[in-house]
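# Architecture and fold: a report
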Amino acid sequence: MTAFPTALPPQAPLKLVVSGPVGAGKTTFVQTLSQTPVVATEAEASEDIGKTNTTVAFDFGTLHLDGQELHLYGTPGQDRFSFMWEVLCEGALGLVLLVAGDRPQDFAHARGILDFITSRIPVPFLVGVTRQDQDRVWDPADVALYFGLPQEQVVGLNATDPAQAREVLAHLLELTLSPQPALG
Ligand SMILES: Nc1nc2c(ncn2[C@@H]2O[C@H](COP(=O)(O)OP(=O)(O)O)[C@@H](O)[C@H]2O)c(=O)[nH]1
Ligand SMILES: [Mg+2]
């Protein structure tokens, strides 16, 4: 008699979402990590967001980490695409909320995106503070205080550095796959 599997096989790709304000480093993070060509949906920005192109649907990349296949979806940053945050987070096993550490003016928006998503979809998350390679950047510990989160849930990174980006995902996987109830 053949037993039907009751759970997904461990090899099934895990869906992870990367969100945050415009300029946080979401597209960069997905591009740095992906081992397959990134599917990006950039268009000319329709409002002044400080750059000419912005993500309008999502960035998609894939990678293997510790024998696990991961599918990474980067969301748009603008509020007018907030419906996409929900669409992309459906069925996600983890979320990385990025914010640029040298743009404290974006922290409130980042917090708003995090609340928007986690109030609708209770997904384990990490906050990643990008641009740690720059001068005058907020320390992850201070961003944790700002967000009212435990320090271990906020990590600093340079999103252009593959080793640092992979470390963030490894940390998220630990959080996601740990038997304890997820933080947040
Ligand atoms: N030096 C540095 N530049 C970064 C980092 N993260 C993103 N960038 C740069 O910041 C700009 C905006 O990043 P992007 O990925 O387009 O942000 P998105 O709007 O969140 O997708 C790009 O020029 C990136 O190269 C980082 O950690 N360090
Ligand atoms: Mg982008």
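Let me begin by describing the structure that accompanies this report. Computed from a predicted model, the values in this text were never measured in an experiment.

A few words now on the packing of helix H2 (residues 82-89) against helix H3 (residues 107-120). Packing of H2 against H3 brings their axes to within 10 Å, and their N-to-C directions diverge by 45°. Here H2 is positioned oblique relative to H3, judged by the angle of their axes. H2 and H3 meet at a crossing whose hand is right-handed. Between H2 and H3, the residues in contact are Ser82, Trp85, Glu86 and Cys89 and Ile113, Phe116, Ile117 and Arg120, respectively.

In this section: the site of ligand 1. Neighbouring ligand 1 are 17 residues, the closest being Gly25, Lys26, Thr27, Thr28 and Ala159. At three residues, helix H1 (residues 26-33) tops the list of elements feeding residues into the shell around ligand 1. Tallied by class, residues from the shell around ligand 1 come to three nonpolar, 11 polar and three charged.

The backbone phi angle of aspartate 66 is positive, close to 50°, even though this residue is not glycine. Relative to the elements of secondary structure, aspartate 66 occurs in the loop between strand E3 (53-65) and strand E4 (68-74). Of note, arginine 136 is a non-glycine position whose phi angle comes to about 50°, a positive value. With respect to the helices and strands, arginine 136 occurs in the loop between strand E6 (125-130) and helix H4 (140-147).

Quick notes on the rules
- Residues numbered from 1 in each chain as written.
- Chains lettered and ligands numbered in written order.
- Predicted model: local features only at pLDDT ≥ 70, side-chain atom pairs only at ≥ 80, totals over all residues.
- Axes fitted to C-alpha atoms, helices over the stretch in contact; angles between N-to-C directions.
- Helix = DSSP H or I, 4+ residues; strand = E, 2+ residues; numbered from the N terminus.
- Parallel < 35°, antiparallel > 145°, perpendicular 65-115°, else oblique.
- Left-handed = near helix turned anticlockwise from the far one by under 90°.
- Contact = placed C-beta atoms within 7 Å.
- Near = placed C-beta within 6 Å.
- Nonpolar A, V, L, I, M, F, W, Y, C, P; charged D, E, K, R; others polar.

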